[in-house]
There are 2 protein chains.
Amino acid sequence: MTPSDECCSPLTGEPLGEERAAALAPMFKAMGEPVRLRLLSLIASHQGGEACVCELTGVFDLSGPTISHHLKVLREAGLITGERRGTWVYYRVAPERLAQVSTLLDLAPAT
Amino acid sequence: MTPSDECCSPLTGEPLGEERAAALAPMFKAMGEPVRLRLLSLIASHQGGEACVCELTGVFDLSGPTISHHLKVLREAGLITGERRGTWVYYRVAPERLAQVSTLLDLAPAT
DNA sequence: TCCCTGTTTCGATGGATGTCGATACAGACG
DNA sequence: CGTCTGTATCGACATCCATCGAAACAGGGA
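Rules used in this analysis
- Residues numbered from 1 in each chain as written.
- Chains lettered and ligands numbered in written order.
- Predicted model: local features only at pLDDT ≥ 70, side-chain atom pairs only at ≥ 80, totals over all residues.
- Heavy atoms only, no water.
- pLDDT = per-residue confidence, 0-100.
- Contact = heavy atoms within 4.5 Å.
- Axes fitted to C-alpha atoms, helices over the stretch in contact; angles between N-to-C directions.
- Helix = DSSP H or I, 4+ residues; strand = E, 2+ residues; numbered from the N terminus.
- Parallel < 35°, antiparallel > 145°, perpendicular 65-115°, else oblique.
- Left-handed = near helix turned anticlockwise from the far one by under 90°.
- Nonpolar A, V, L, I, M, F, W, Y, C, P; charged D, E, K, R; others polar.
- Least-squares fit on C-alpha atoms with pLDDT ≥ 70 in both.

## Brief notes about the confidence of the model for chain A
Mean pLDDT for chain A: 91, with 90% of residues reaching 70 or above. When the criterion is pLDDT under 50, residues 1–5 of chain A qualifies, and its contacts beyond four places in sequence or with other chains add up to two contacts.

And the structure:
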């Protein structure tokens, strides 16, 4: 499913339709795992806006395949993008997707 | 676990610590289920800022216990609060929690 | 070419989770 | 008090998911 949907009115606007909810949920689900949330944070806060997988694996007491799996989930949720440069693979966040979620949760500033 | 933690600097600020991530993940996990995301949206967008369970059950093709279970997950994640008034139970969102998440995902406006 | 390292995929497994029916609890009303 | 309705809990079950080791793939160098 291509997440090329236009953006999101806040939750408070109108009830989320079934399809919209089904499209948004995977993003939250991806961030709903502590390791993945930390991975996302590590990538987002990394200098240069990107982080090498080789730098991420060492942070956790988890096997390489497990880290790779979590990165795949984040990638398929559209939250990060990966690029191979030579031997190493670099990941960076997808800012528009994070902004989309942030906007969704923005309750009306002042009622 | 009391979610009385201080607020959140954006993801881009510094890497999320293990505890902070463990505290935040349940919120995302709760919203990572389409039915729960719609429930949250239904409550958030409902007139008066609160919604009766009796109005929520009919929206979905799911049993009462299942809806009750999802509301419990949202409640335990701190995203909604419930109050019984007579026969019916009313739920409303916890604005500060949603704002917390929204802020967390707010990437620095301009780098 | 062969090997070495970094990363991903595969297959298996134990534990978490969404769903249901049955049941229990809470409050209103005769 | 008994009963009816709305909501929550319980127990069970099927499915999903995080994790691992083994193996495959990618690229760089000897």
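## Notes on the packing of helix 2 (residues 34–45) of chain A against helix 1 (residues 18–31) of chain B
Following both chains from N to C, one finds helix 2 of chain A and helix 1 of chain B inclined at 110°, their axes separated by 8 Å at the closest point. Between helix 2 of chain A and helix 1 of chain B, the angle falls in the class roughly perpendicular. When the axes of helix 2 of chain A and helix 1 of chain B are compared, the crossing they make is right-handed. From helix 2 of chain A, Pro34(A), Leu37(A) and Arg38(A) reach across to helix 1 of chain B, where they touch Glu18(B), Ala21(B), Ala22(B), Leu24(B), Ala25(B) and Phe28(B). The class makeup of the residues in the contact of helix 2 of chain A with helix 1 of chain B is seven nonpolar, no polar and two charged.

## Topic: the relation of the copies chain A and chain B
What relates the two chain copies is a rotation about an axis together with a slide along it. You can overlay chain A on chain B at an RMSD of 0.0 Å; the transform is a turn of 180° with a shift of 0.0 Å along its axis. The superposition of one copy onto the other is thereby described by a two-fold rotation axis. If distances are taken from each C-alpha of chain A to the rotation axis, the shortest is found for Ser102(A), at 2.2 Å. Interface overlap between copies is the fraction of interface residues in one copy that are interface residues in the other; for chain A against chain B it reaches 100%, indicating a shared surface.

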